[in-house]
Amino acid sequence: MGTPELTASPLLGPPLLTDEDTARSHDRARVHHARRHRRRWRLLWLLVGPGSLAMLGENDGPSMIAYASDGAQYGLGFFVPFIPILFAMAYVCQEMCMRVGAVTHRGYGELVLQRYGRVWGWFGAGDLTLTNLVTLVAEFVAIRVGLAYFHLGAGVAVALGLALVLFTLSGGRYWRWERIVLGLALFNGLFIVAAILVKPDLSTLAGSLNFTPLPGGSFNTLLLLLASTIGATVTPWMIFFQQSASADKGMTPSDVNHGRYDTALGAVIAALCGIGALIAGAALLSHGGSGIHGFAGAGFPQALQHVAGGAAGTVFALGLIEAGAVAILTISASTAYEAGECVGASHSFNSSPHNAAVFYAANVSVALLAAAVILIPGAPLLSIALNANVLATVLLPVSLVLLVMLANDKGLMGPWANRRSTNVVGIAVIAFVGCCGAAYGIDSFLQAIHVVG
């Protein structure tokens, strides 16, 4: 029996050496060197990436606006402790993704096709494509909102987003793509800066840790609020992205512990940044939540400028641009991984565009299509942006169920299969997300029938 570093999935057997494996061999050599010489921080630096990007990428434009909207309409109560709980739920899901990717060296879409057939495989691909396209439109809208604060239009937002996609694809290496996007993701901390600039009442912030007061309003509004906030934290694209990125990075079972550190670190930072957006939005509460519908113009940044000064508005606007940009890169990547895995084509940033035409074409095409939508006169951008997170919540449970099944498959995972405690928490997450999404859908349907009647 081989060492854990060399052991592959028991069912799949040792993976064949491919051009992508050859391209990433230099990166793996550095990992081996750091592990052999017990350079722990160096090893963590080399292995950090997929987990942090999945979590910080989830702090996208619609999510940060959703957090800020929560604060502007309801204040800090309930949400300050609720956001970390959601990211703890996200950690449980993403740890499974990382572990399955590291052990099997396969992406989520590829494994679903192999283990559960083409029906579920293509259903998952369709689920992902729909949610990704809607979410990508919302990301371009978020960049447009941020740029509008600086009096720049939709054309600049489109050019910036597409330029970033093309630039990050130009290196022909996963490592280069990952480090560029990680560098951009660090600027998610601008939302923490914005929270400091609005000078929150620390006693109010501390008092909100007991989940009170609960959000007011109608039952449907509360369900929408829960669904959109959940969709701001756990989404289908995260599952596809982290598992495929972990495989593309070349992670092995020996890297699982560091993958957990990476994912946990991303969850903590993302939760803090999300709370930062919430606190910044709460500064508008005493002003009637003004600016929460400002997707067509400067929106939240402009409202914060009037309430907390120009610095707060500027920082929040820059944060929205960063959030939208990082999400465009990671969501486009998840779409590209899914496309390559489903058709059996090369799907790696370590391949050239010539050798992975489907992968690169999907990456660019989905971003182009989303960008085109925001240039359509009269397009319902507000509706798309506000409902992107809700759609993710409604479609998420199926992906989570398949993920838990993969992580429990001893033929694939061997000794790295889920523990009972992980299954209990994972099933609880699925039940919670499913109930919230179903309750909102049923309640909305009943209200629609009542209106028609």
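Residues numbered from 1 in each chain as written. Predicted model: local features only at pLDDT ≥ 70, side-chain atom pairs only at ≥ 80, totals over all residues. Heavy atoms only, no water.

**Describing the overall build of the protein chain**
Phase 1: For the protein chain, the helix and strand inventory stands at 19 helices and zero strands.
Phase 2: Across the 453 residues that make up the protein chain, the buried fraction comes to 57%.
Phase 3: Carbon and sulfur atoms make up 69% of the accessible area of the protein chain, which totals about 17700 Å². (Helix = DSSP H or I, 4+ residues; strand = E, 2+ residues; numbered from the N terminus. Buried < 20%, exposed > 50% of the residue type's maximum accessible area, 1.4 Å probe, protein only. Areas by Shrake-Rupley, 256 points an atom, 1.4 Å probe, with all protein chains shown as cover.)

**As for a nonpolar patch on the surface**
Phase 1: Taken together, V119, W120, F123 and V398 make up a surface patch of nonpolar side chains, about 380 Å² in accessible area.
Phase 2: With three residues, helix α6 (residues 108–148) is the single largest residue contributor to the nonpolar patch.
Phase 3: Here V119 lies in helix α6.
Phase 4: Judged by its relative accessible area of 67%, V119 falls in the exposed class. (Patch = residues over 30% accessible without salt bridge, like charges linked within 9 Å, V, L, I, M, F, W, Y side chains within 5 Å. Salt bridge = Lys/Arg side-chain N within 4 Å of Asp/Glu carboxyl O.)

**Focus: the packing of aromatic side chains**
Phase 1: Evaluated as defined, the whole model comprises 17 aromatic pairs.
Phase 2: Relative to F359, the ring of Y337 lies with its centre 5.4 Å away and its plane at 55°, an arrangement referred to as tilted. Taken together, the positions of Y337 in helix α15 (residues 310–343) and F359 in helix α16 (residues 357–374) put the pair 22 residues apart, joining distant regions of the chain.
Phase 3: The class for Y337 is buried, based on a relative accessible area of 1%.
Phase 4: An aromatic cluster of three or more residues is present, and its members are Y174, W177, W237, F241, Y337, F349, F359 and Y360.
Phase 5: Residue placement shows R30 over the ring face of W175; its charged tip is 4.4 Å from the ring centre.
Phase 6: The ring of W175 has R179 lying over it, and the distance from NZ or CZ to the ring centre is 4.0 Å. (Phe/Tyr/Trp six-rings, centres within 6.5 Å; stacked < 30°, edge-to-face > 60°. Lys NZ or Arg CZ within 6 Å of the ring centre and 35° of its normal.)

**Observations concerning the confidence of the model for the protein chain**
Phase 1: With 86% of its residues at a pLDDT of 70 or more, the protein chain has an overall mean of 85.
Phase 2: At the level of individual helices and strands, the protein chain shows its lowest average pLDDT in helix α11 (residues 219–231), which scores 71, and its highest in helix α9 (residues 190–197), which scores 96.
Phase 3: In the model, residues 1–7 has pLDDT below 50 throughout and makes 13 contacts with residues more than four positions away in sequence or in other chains.
Phase 4: Counting interchain partners and residues more than four positions distant, the pLDDT-below-50 stretch residues 290–297 has 20 contacts. (pLDDT = per-residue confidence, 0-100. Contact = heavy atoms within 4.5 Å.)

**Focus on the pattern of salt bridges**
Phase 1: Under the criterion given, the structure shown has 10 salt bridges.
Phase 2: Across the pair E95 and R99 runs a salt bridge, and its minimum N-O distance is 2.9 Å. Highlighted residues: E95 and R99, both in helix α5 (residues 79–104), separated by four residues, approximately one helical turn.
Phase 3: R99 gets classed as buried once you look at its relative accessible area, which sits at 4%.
Phase 4: The shortest N-O distance in the salt bridge between E178 and R179 comes to 2.7 Å. Each member of the pair, E178 together with R179, is buried.

**Considerations on the packing of α5 against helix α13 (residues 256–282)**
Phase 1: Packing of α5 against α13 brings their axes to within 9 Å, and their N-to-C directions diverge by 155°. One finds that α5 runs roughly antiparallel with respect to α13. Read as a crossing pair, α5 and α13 show a hand that is right-handed. Between α5 and α13, the contacting residues are F79, V80, I83, P84, F87, Y91, Q94, E95, M98, R99 and A102 on the first element and V256, G259, R260, T263, A264, A267, A270, A271, G274, I275 and L278 on the second.
Phase 2: Among the residues forming the contact of α5 with α13, the class breakdown is 15 nonpolar, four polar and three charged. (Axes fitted to C-alpha atoms, helices over the stretch in contact; angles between N-to-C directions. Parallel < 35°, antiparallel > 145°, perpendicular 65-115°, else oblique. Left-handed = near helix turned anticlockwise from the far one by under 90°. Nonpolar A, V, L, I, M, F, W, Y, C, P; charged D, E, K, R; others polar.)

**Things to note about the side chain of S63**
Phase 1: Note that S63 resides in helix α4 (residues 61–74).
Phase 2: Take S63: its relative accessible area is 0%, and that puts it in the buried class.
Phase 3: A polar side-chain atom of S63 sits 3.0 Å from the main-chain carbonyl oxygen of E58.
Phase 4: For S63, the side chain forms a polar contact with the side chain of D60, separated by 2.4 Å. (Polar contact = N/O pair within 3.5 Å; in protein donor to acceptor, adjacent residues only side chain to side chain.)

**A few points about helix α12 (residues 236–249)**
Phase 1: Compared with an ideal rise of 1.5 Å per residue, which puts 14 residues at 20 Å, α12 spans 20 Å between its outermost C-alpha atoms and is within 8% of the ideal.
Phase 2: Where burial is concerned, most of α12 is hidden: 14 out of the 14 residues are buried.
Phase 3: Backbone geometry just downstream of α12 places G250 in the positive-phi region, at approximately 90°. (Expected span 1.5 Å × (residues − 1).)

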